[in-house]
Each structure stands twice: as C-alpha cells, then as structure tokens.
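As a plain string of letters, each chain reads:
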Amino acid sequence: MTLAEVLGVSTGVTSVIGSGGKTSLLAALARELPGTVVLTTTTHIRPFAGVPLVTSADADDVRAALAESRVVCVGSQAEKDGKLVTPKLGMDVLAELAHHVLVEADGSRRLPLKAHAPWEPVIPACSERTVLVLGASGLDHPVREVVHRPERFCELAGCTPDDLATPELVARAANAEALADVALVNQADAAPEAARDLAALLATPAYVGSVRAGTITLP
C-alpha cells in the first residue's frame, strides 16, 4: 500500500497537523498521489524545493502552473523570512483546480512534539481528512525540551515541564485534543519501541514509520 492509501488520503483537501515531519509527509504524499496536487498552508511554510510557486490570487495562474507541473505550491508571500502564508485563493477554490490540496495546518517551531493552543490548528472547513504527525525522536526526553507549547501539553497530560514525554503522556495529550482522523508516529527509527507504544495508546487509527526512510508499519 502507498502512504496515501495507508493514511486514507483521497481527492479533495487534506490537512496535516502536529509536529515531527509534517513538511516531509506533505512532500511524500505529493510525490505519490495521482493527478494534480497543490501544496499550501493555513499558517506559515517555506516554499518546497523544486516545486513551482504561485503567489498570486488569480485562479488562472494556478491553473496554468498545474498545466506545466503536476505539483505546485500556492501561498501568499510573507513580509519577512521568505515564508509563505495562507493563499488569497480559498481552499475550496484550490480544490476545484487540483485533484488534491495538501495543507500544512499548524506550526511546531521544528520541535518533534506539540500541544495545540485554542486557536490552532487552522483546519479548512472543506478539509476531508486530518492527519496528525507525532515525532518519535521527542519521546522520553524532557517535555520542556521537545514539546512546542509545553505548558499546554502539561495541562492536557497532567505533568510538569521537567517530566519525560513518555508515550503515555503524549497519547494522553493527543487523545484529549482529539483533532485528527488518523495519526502517524514518524521518526520511528529514533525510538522504535516507544513509537510502537505511542501508536498503540492513541485513540485514532495510528501508524508507525519514518517518512524520510520510506517505511510505514501497518497495525
């Protein structure tokens, strides 16, 4: 099975949330999905290397880019840092232009684990699938070192920032949030046993693997 099949990603809008490999997952899905693909965000992302970029609010520009390249990145140029922010075109419009719209729907400041503030993730109303990514490289390390928004994580998991982010605590926080349809415990090569333990504790269907290595384990 392909990664898209395992995670239940089909046509339309798919949102990817969490931490520990969202961008890598988006890129991997874009490579393997059939048909045209728009990569975009509701928060902030860097342009994808080697992927044509469209920053205008004109649907015809997106249509023309997809005629030249099966995969394009669409977003508005941020004022600094060279990042992209939410495109001016609505996600529903992008879904009419491409077979697949893959959305990075929150940020994690490059940390492997995170908890979500009340205003995030920013999942489009038309999203048909939400995938939660969790980075196994953060497991069994101090919460304050590996978790974005550690205070919120501790509220959800019932711990302190000095506690280790065990599979039990990470699952408790993720289950309390209940934000996704399916979960991927990524970076499993960093902590194989802990990654499997986390997947088994999650309330949503969960898979274990390494997107970079191209391996995913079925439950």
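Our subject in this report is the structure included herewith. Keep in mind that this is a model prediction, so the values were computed, not measured. (Residues numbered from 1 in each chain as written. Predicted model: local features only at pLDDT ≥ 70, side-chain atom pairs only at ≥ 80, totals over all residues. Heavy atoms only, no water.)

**Details of the overall build of the protein**
A count of helices and strands for the protein gives eight helices and 14 strands. Computed over its C-alpha atoms, the radius of gyration of the protein comes to 17 Å, within 12% of the 17 Å expected for a compact globule of 219 residues. The principal-axis extents of the C-alpha atoms in the protein amount to approximately 50 × 40 × 30 Å. Within the protein, the fraction of its 219 residues that count as buried is 53%. Within the protein, residue pairs in contact and separated by at least 24 positions form 69% of the contacts whose partners lie at least 6 positions apart. Positive and negative side-chain charges of the protein, numbering 18 and 26 respectively, have mean locations separated by a distance of 4 Å. (Helix = DSSP H or I, 4+ residues; strand = E, 2+ residues; numbered from the N terminus. Rg over C-alpha atoms; globule rule 2.2 N^0.38 Å. Buried < 20%, exposed > 50% of the residue type's maximum accessible area, 1.4 Å probe, protein only. Contact = heavy atoms within 4.5 Å. Lys, Arg positive; Asp, Glu negative; His and termini not counted. Charge placed at Lys NZ, Arg CZ, Asp CG, Glu CD.)

**Some details on unusual backbone geometry**
Following Glu 120, the chain continues to Pro 121 via a peptide bond in cis, the omega torsion being -5 degrees. Mapped onto the elements, Pro 121 comes out in the loop between strand E9 (113–114) and strand E10 (127–135). In this structure, Arg 110 is a non-glycine residue whose phi angle is positive, near 65 degrees. Mapped onto the elements of the fold, Arg 110 is located in the loop between strand E8 (100–104) and E9. You can call Arg 110 exposed: its relative accessible area is 82%.

**Remarks on the pattern of salt bridges**
Pairing is possible between side chains of opposite charge, provided their charged atoms come close. For the structure on display, the rule yields seven salt bridges. Between Arg 63 and Asp 60 there is a salt bridge; the shortest N-O distance is 2.5 Å. One end of the pair, Arg 63, and the other, Asp 60, are both in helix H3 (residues 59–68), three residues apart, so they sit about a helical turn from each other. Glu 120 is the partner of Arg 149 in a salt bridge, and the nearest nitrogen-oxygen pair spans 2.5 Å. Here Arg 149 is found in the loop between strand E11 (147–148) and helix H6 (150–157), whereas its partner Glu 120 is found in the loop between E9 and E10, with 29 residues between them in sequence. Taking relative accessible area as the criterion, Arg 149 reaches 25% and is therefore assigned partly exposed. According to the relative accessible area criterion, Glu 120 is buried, its value standing at 12%. Through salt bridges that share partners, Lys 22, Asp 106, Lys 114, Glu 120 and Arg 149 make up one connected network. (Salt bridge = Lys/Arg side-chain N within 4 Å of Asp/Glu carboxyl O.)

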